[in-house]
Every structure is written in C-alpha cells, then in structure tokens.
Amino acid sequence: MDAQLTFEDIDPKLAQEYLALNIEHNRAPMNDRVERMARDMRNGDWIATADPIKFNSDGRLIDGQHRLRSVMASNTTQRFLVARDIAEDAVYVIDTGASRSAKQALRIANPDSRNNGDLVAIAQLVSAYDRGSLRNVNSMIQGRERMTNAEVIRYVEENRDALEAAERMASWVKRAMPAPGSALGAAYFILARVDTAKASDFYARIREGNSGFTVSDPVTTLTRRVYQDKLNQRRITPALILFYIFRTWNAWRDEETLSKLQAGSASGAALIPQPK
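Residues take numbers from 1 onward in each chain, read along the sequence in its written order. Totals for whole chains, interfaces and linings use every residue, but because this is a predicted model, local features are given only for residues with pLDDT of at least 70 and side-chain atom pairs only at 80 or more, for both listing and counting. Only hydrogens and water are set aside when side-chain values are computed; all heavy atoms of the structure are taken into account.

## Comments concerning the environment of Arg253
Okay, so step 1: For the purposes of this entry, the term helix denotes a DSSP run of H or I that reaches at least four residues, the term strand denotes a run of E that reaches at least two, and both are numbered from the N terminus. The residue Arg253 is located in helix α11 (residues 238-253) in this model.
Okay, so step 2: Counting along the chain gives 35 residues from Arg253 to Pro218, while the straight-line C-alpha distance between them is 9.8 Å.
Okay, so step 3: In this description, contact between two residues means that some pair of their heavy atoms is separated by no more than 4.5 Å. Not counting the four nearest positions on each side in its chain, Arg253 is found in contact with Val194, Asp195, Lys198 and Lys276.
Okay, so step 4: Counted as a polar contact is a pair of N or O atoms within 3.5 Å, where, for protein atoms, one must be capable of donating a hydrogen and the other of accepting one, and residues adjacent in sequence contribute only when both atoms are in side chains. A polar atom in the side chain of Arg253 sits 3.4 Å from the side chain of Asp195.

Below, the structure is given as structure tokens:
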C-alpha cells in the first residue's frame, strides 16, 4: 500500500493523542531537543519541511515524537506533513542521516561569509552568557542552552558587524595569549558593549606583550596565567577565559594592580565577574 500524505494543523491536544500511538521501545525522548524546537515554535521560527510525522500501517507513530512533544511544550499549533501507511521496517532507517549544524545552516543563509564557523562559536558563547548559563569557571553550555539553527542565523545577521569585529580581535591577540578563539571573541564582544574604544585598547595591550611591565600589571598577570595553565595542561575552557579576561579588565579599568588570578578555592569555583 502506498503511503498517504496530508498536511495537518496539530495542536497540543492532537499531539498528545498521536503520542499515545507511539511504538513500543522507541528511543527515549531527548529533552534538550524538545526544548530547543519548542523555542523556535514559540518564537515563530519553526518552518514546516517535507519531513513528515510518520505512522506505520498499524497506525502506530514511528517518527515525529520530538516534534509532537515540542508542540505540547510550546503550547502552539503547528502545520506538519503527516504520512500514514509507512512500511513496518522503515523505523530501522529513520533518523540515520546527518543533521545540519548551525555553521552549515549559516553557510547556506550567507554563502559569501568566510568565517561562519567562528561567528557561530562566538555567538553561542555570548548568547549563553547573556542567558546566565555561564556563571562560574566550571560552567559549560548544555544542549538546551544552545541556540537553534534559526536563532543562530537571526543572531548573526543582527550582530554581524560586531561579531566580525570580535573575530578579528580574537585572531589578532591569539598569538599573545593561547586561548580558544571563540572565548577571546566572545569576551571582546561583551567588553565592547561596555566601551568599544576601551575594549580595543585593552586587546591592544594584550597583543603588546609583557616586556617593560611589572609582574603586578593586570595584563601581564593574565597572559602569564594562561601560559601557566597551558604548560600545566590545564583544560582552558571558554568560561575560564571569560573569568580571566573580565577580572583583568576590571582591574585594568580601575588602574589597580593584579598579582594573581585564582579561579577557585575550597569554597567552590570562582564566579565570572560582571565587566564594568
């Protein structure tokens, strides 16, 4: 029997009814994916594609549980293509293709940009910081906290000039301070919102190096600490770099000395300071 295809407007009630028809032993729902798709639905970014919600010839749901759960989580009504009478053994090959990354999606949206990967990485970090997901030096961006492809494309297009400036600055100072380029770029992006001119001066000071400066000079302490971490094979995470740079920036802005950067103590991991 050939598959039957129709478009349906699915609201939370109908989504719940369809989920009750889910096949046994289907994979466990991935809550991170549900939350990210639900955000797109709430924000009006969800786009119906040719990939249908699928039911087999027994009327059991074999593909689409995450989309249906996202309809319920977002409390919205979405239009989907629905396929019925799909072959029983189709369930074994569904979702085995490669998903498209945010970098790949942005390249399709803006094929002329040479640095889409760097812009995506910086944008994801800035967005996570603004959402409060990066609170201390041990913070990591969890799956549900990452922007969806639609959110990334919109964010980059709305902030392209600032993101490209941040990427250039990161590349410029990376030789003087061996840290992840995404973290260097995100830190500059955030500092430039406070004071663009001062942020450029601060990064120029990092690029300048330590010759002729005292050991308690804030930037000297910053670069020395990053090199020590690298020598000691410490994992240099984006959150750690944000902590180092923002702590140094605040001391540099206040014309204070800074003889050490301590990322934690017995009481716990150090909080990432607010740049001022």
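## Description of the pairing of strand β4 (residues 78-86)
Okay, so step 1: Two strands are said to pair when DSSP picks up at least two bridges between them. Both strand β1 (residues 4-10) and β4 contribute to a ladder of seven bridges, which runs antiparallel. Paired with Leu5 across the strands is Ala83, a residue of β4.
Okay, so step 2: With three bridges joining them, strand β2 (residues 53-56) and β4 adopt parallel strand pairing. Within β4, the residue paired with Asn56 across the bridge is Ile86.

## A few points about the pairing of β2
Regular strands show a simple pattern: their side chains alternate between the two faces of the sheet.
Okay, so step 1: With burial as the criterion, each face of β2 is covered, one bearing Ile53 and Phe55 and the other bearing Lys54 and Asn56.
Okay, so step 2: Note that β2 and strand β3 (residues 61-63) share two bridges and pair antiparallel. Counted as the bridge partner of Lys54 is Asp63 from β3.
Okay, so step 3: Counting the residues in the hairpin turn of β2 and β3 gives four residues, including Gly59, whose phi is positive at 80 degrees. Only protein chains enter the accessibility calculation, which uses a 1.4 Å probe; a residue is then buried when its area is under 20% of its type maximum, exposed when over 50%, and partly exposed in between.

## Examining the side chain of Ser70
Okay, so step 1: Of note, Ser70 is situated in helix α3 (residues 65-74).
Okay, so step 2: Beyond its immediate sequence surroundings of up to four residues, Ser70 is in contact with Arg33, Val34, Met37, Ala38 and Met41.

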